[in-house]
Amino acid sequence: MRIGFVFLSSTLSSSSVIGSSISGSIVRLTPSLLLHRPFHIIPNRTTTRSNNLQFSARTTLTTSASSMSSSFKPEQARVPPALQLPSPSITKFKIGLCQLAVTSDKERNIIHARTAIEEAAQKGAKLVVLPEIWNSPYSNDSFPIYAEDIDAGSDASPSTAMLSEVARLLKITIVGGSIPERSGDKLYNTCCVFDADGKLKAKHRKIHLFDIDIPGKITFKESKTLTAGETPTVVDTEVGRIGIGICYDIRFQELAMLYAARGAHLICYPGAFNMTTGPLHWELLQRARAVDNQLYVATCSPARDAGAGYVAWGHSTLVGPFGEVLATTEHDEAIIISEIDYSQIELRRTNLPLEKQRRGDLYQLVDVQRSSSQ
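Scoring rules and cut-offs
Residues numbered from 1 in each chain as written. Predicted model: local features only at pLDDT ≥ 70, side-chain atom pairs only at ≥ 80, totals over all residues. Heavy atoms only, no water. Helix = DSSP H or I, 4+ residues; strand = E, 2+ residues; numbered from the N terminus. Buried < 20%, exposed > 50% of the residue type's maximum accessible area, 1.4 Å probe, protein only. Contact = heavy atoms within 4.5 Å. Axes fitted to C-alpha atoms, helices over the stretch in contact; angles between N-to-C directions. Parallel < 35°, antiparallel > 145°, perpendicular 65-115°, else oblique. Left-handed = near helix turned anticlockwise from the far one by under 90°. Nonpolar A, V, L, I, M, F, W, Y, C, P; charged D, E, K, R; others polar. Pairing = 2+ DSSP bridges. Disulfide = S-S within 2.5 Å. Arc of directions from axis to C-beta. Core = buried A, V, L, I, M, F, W, Y, C linked by side-chain atoms within 4.5 Å. Salt bridge = Lys/Arg side-chain N within 4 Å of Asp/Glu carboxyl O.

Before going further, it helps to examine the environment of Ala120. Structurally, Ala120 can be placed in helix 3 (residues 106–122). Here Ala120 falls in the buried class, since its relative accessible area comes to 0%. When sequence neighbours within four positions are dropped, the list of residues in contact with Ala120 reads Gly96, Cys98, Ala125, Val128, Ile335 and Ile337.

In structure tokens, the structure reads:
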């Protein structure tokens, strides 16, 4: 992805404010008049003239704004041009975020995840999201041991086999958090999406690997064992067009912008922020991705285990297209049920028509994958 930005700032001088004060057009009323006497304002010649001036100014400003918008070339700010939002069969539904405790017992983790999915569905969820690395401890030592060959089928991937079966039985869409995936001699951090028929609709391999070093706080390098994914993932489901990111992917605004340009209603980020970055950045990043792109953002974390080698922050959350936190929880196990209403996306994009105000004459987001396929 190639992207370049030029940021400009401008100010409007006070002399540019038209009609703020014109002699003869202001009527001051004393309290006694307001309280006791009816009154009539008869426009005089000055008032009429000032109104004409203001109408003329507004017309000029509107015409000028339209002309400026055209010269700014907003349609060129996305290459290829942004896609329109599709119309899913369901536009208002409940989402379930399953914040799960993860243990070293893989079989137990799978059974526990299934129970949570079933509970979320019983509470009305049509879309259920699981956490990042929910079938395994989060560690470089564990990834090779717990990894599954998703493409090989059920026996080689009991975690995804369970997700497929429960999605089919419950007739729900599942964003299956992530698990360590083995493909040939490589390991990936992978999220699978299943539709209401139990079919694997998409597989997202974490694009941005979690390699950080904050001295005295936390050091972790996923790249010691994992390979980065190569493909952004947007999938059409019964509950809308969904973009997928995994944890560290949320830090890269370009990916979310790309998903918005591809017509996503919702971005799901299974993630496991830690006790250092979680308090400062977890909610901040979710709200930023949502409000910048005017869409829904859902995150799902493992529950916190203070005795684990890697301690998750928790706080799974749903954020609306105006940047508002619609539902969240603390760090313990929880199942969050909240409502998504896609009409809110159109409303907020009408309130703030950012798509029509972008400066394609100054910057562009290039979707390399879409561009190369055309």
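Closest axis-to-axis distance for the helix 3/helix 5 (residues 158–170) pair is 10 Å, and the angle between their directions is 20°. In terms of orientation, helix 3 and helix 5 fall into the roughly parallel class. The interaxial crossing formed by helix 3 with helix 5 has right-handed handedness. Residue-level inspection shows Lys106, Ile110, Ala113, Arg114, Ile117, Glu118 and Ala121 of helix 3 in contact with helix 5, the latter providing Pro158, Ser159, Met162, Leu163, Glu165, Val166, Leu169 and Leu170. Taken together, the residues of the contact of helix 3 with helix 5 break down into 10 nonpolar, one polar and four charged.

Pairing of strand 9 (residues 211–214) with strand 10 (residues 218–221), which is carried by four bridges, proceeds in the antiparallel orientation. In the sheet register, Ile212 faces strand 10, and the bridge partner there is Phe220. Hairpin connection, strand 9 to strand 10: the antiparallel pair is bridged by three residues, and Gly216 has positive phi, about 80°.

On to the state of the cysteines, then. Counting across every chain of the model gives zero disulfides. A disulfide-free cysteine, Cys300 has its sulfur positioned 6.2 Å from the sulfur of Cys98, the nearest such atom.

Next up on the list: helix 8 (residues 343–351). For helix 8, the set of buried residues is Ile345, Arg348 and Arg349. An end-on view of helix 8 places all buried positions within 100° of arc, on one side of the element. Close packing links the buried residues of helix 8 with helix 7 (278–293), strand 14 (296–300) and strand 17 (334–341).

Ranked by internal contacts, the top residues of the largest apolar core, which has 48 residues, are Leu127 and Leu266. Counting residues per element, this core draws most heavily on helix 6 (residues 253–261), at six residues. If sequence neighbours within four positions are ignored, Leu266 has contacts with Leu127, Arg241, Ile242, Gly243, Tyr296, Val297, Ala298, Ile340 and Tyr342.

This paragraph deals with the sheet that holds strand 13 (residues 266–270). Spatial strand order, 11-12-13-14-15-16: six strands in an open sheet with mixed pairing. Only two strands of the sheet have a single partner each, and these edge strands are strand 11 (233–237) and strand 16 (325–328). Pairwise comparison of adjacent strand axes, ignoring direction, gives a mean angle of 20° for this sheet. Judged from the three bridges that link them, strand 15 (residues 317–319) and strand 16 form a sheet pairing that is antiparallel. When the bridges of strand 16 are listed, Leu318 appears paired with Ala327.

This paragraph deals with the pattern of salt bridges. Within this structure, the stated rule accounts for 14 salt bridges. A salt bridge links Lys171 to Asp197; its shortest N-O distance comes to 3.8 Å. Of the two residues, Lys171 is situated in the loop between helix 5 and strand 5 (173–175) and Asp197 in the loop between strand 7 (186–194) and strand 8 (200–205); the sequence distance between them amounts to 26 residues. What makes Lys171 partly exposed here is its relative accessible area of 42%.

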